[in-house]
Amino acid sequence: MMSPDNFYDMVYQVVRLIPAGRVTSYGAIANAIGTRGRTSRMVGYALKHAGSVHPQVPAHRVVNSQGLLTGKFHFGGSTMEQLLASEGVMVTDNKIVDFKKVFWDPATEL
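For the structure given in this document, a descriptive report is provided here.

Criteria and cut-off values
Residue numbering note: each chain is counted from 1, following its sequence as written. The predicted origin of the model limits local features to residues at a pLDDT of at least 70 and limits the giving and counting of side-chain atom pairs to 80 or more, whereas totals for whole chains, interfaces and linings rest on all residues. Water and hydrogen atoms play no part in the side-chain values, which are based on all heavy atoms of the structure. Stacked, edge-to-face and tilted are the three classes for Phe, Tyr and Trp ring pairs, Trp counted by its six-membered ring, which pair at centre distances within 6.5 Å; planes under 30 degrees apart are stacked, over 60 edge-to-face, the rest tilted. Any residue under 20% of the maximum accessible area for its type is buried, any over 50% is exposed, and the rest in between are partly exposed; the area is computed with a 1.4 Å probe on protein chains only. A run of H or I in DSSP becomes a helix once it reaches four residues, and a run of E becomes a strand once it reaches two; helices and strands are each numbered from the N terminus. Polar contacts, as counted here, are pairs of nitrogen or oxygen atoms within 3.5 Å of one another; within protein the pair requires one atom able to donate a hydrogen and one able to accept it, and residues that are adjacent in sequence qualify only if both atoms are side-chain atoms. Two residues form a contact once any of their heavy atoms are found within 4.5 Å.

The subject of this paragraph is the packing of aromatic side chains. The full count for this structure, using the stated rule, is three aromatic pairs. With 5.4 Å between their ring centres and 65° between their planes, Phe99 and Phe103 make a pair best called edge-to-face. In this structure Phe99 comes out as buried when scored by relative accessible area, which is 15%. Connected via pairs of aromatic rings, a cluster forms that spans Phe7, Tyr8 and Tyr12.

Written out as structure tokens, the structure is:
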């Protein structure tokens with residue numbers, strides 16, 4: 001069985017590859033590292049702990065499968081939305097505008 005540290009490291013490696021101005025989902029990351037299914041929630045747990053990881057992990061680029069900023073509360077206030085906006089990703093009502101257009105699928109991009 002894979003240890004949580006190895007799982008987290010694999011998640012962080014993928015998230016660091018998301019280009020600025022693009023987003024992906026928890027499930028897409030789980031799929032890309034070969035752990036489909038319920039592990040998308042574990043990807044979220046890994047990203048919850050990413051704030052103290054070096055090199056930095058751009059966790060703000062990971063949203064749910066509908067483009068909702070479900071992890072925004074871990075950033076505080078509107079920080080996640082501001083970080084995305086600074087990269088050109090538009091957000092309205094906590095949802096990515098043109099989600100399919102800015103979606104980055106690590107399974108096909110890597």
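From this point, the narrative continues.
Turning our eyes to something else, we now look at the side chain of Thr24. Mapped onto the fold, Thr24 is located in strand S1 (residues 24-25). Thr24 sits in the buried class, given a relative accessible area of 0%. At 2.7 Å, the side chain of Thr24 and the backbone oxygen of Trp104 are in polar contact. If sequence neighbours within four positions are ignored, Thr24 has contacts with Ile18, Ile29, Arg61, Val62, Val63, Phe103, Trp104 and Pro106.

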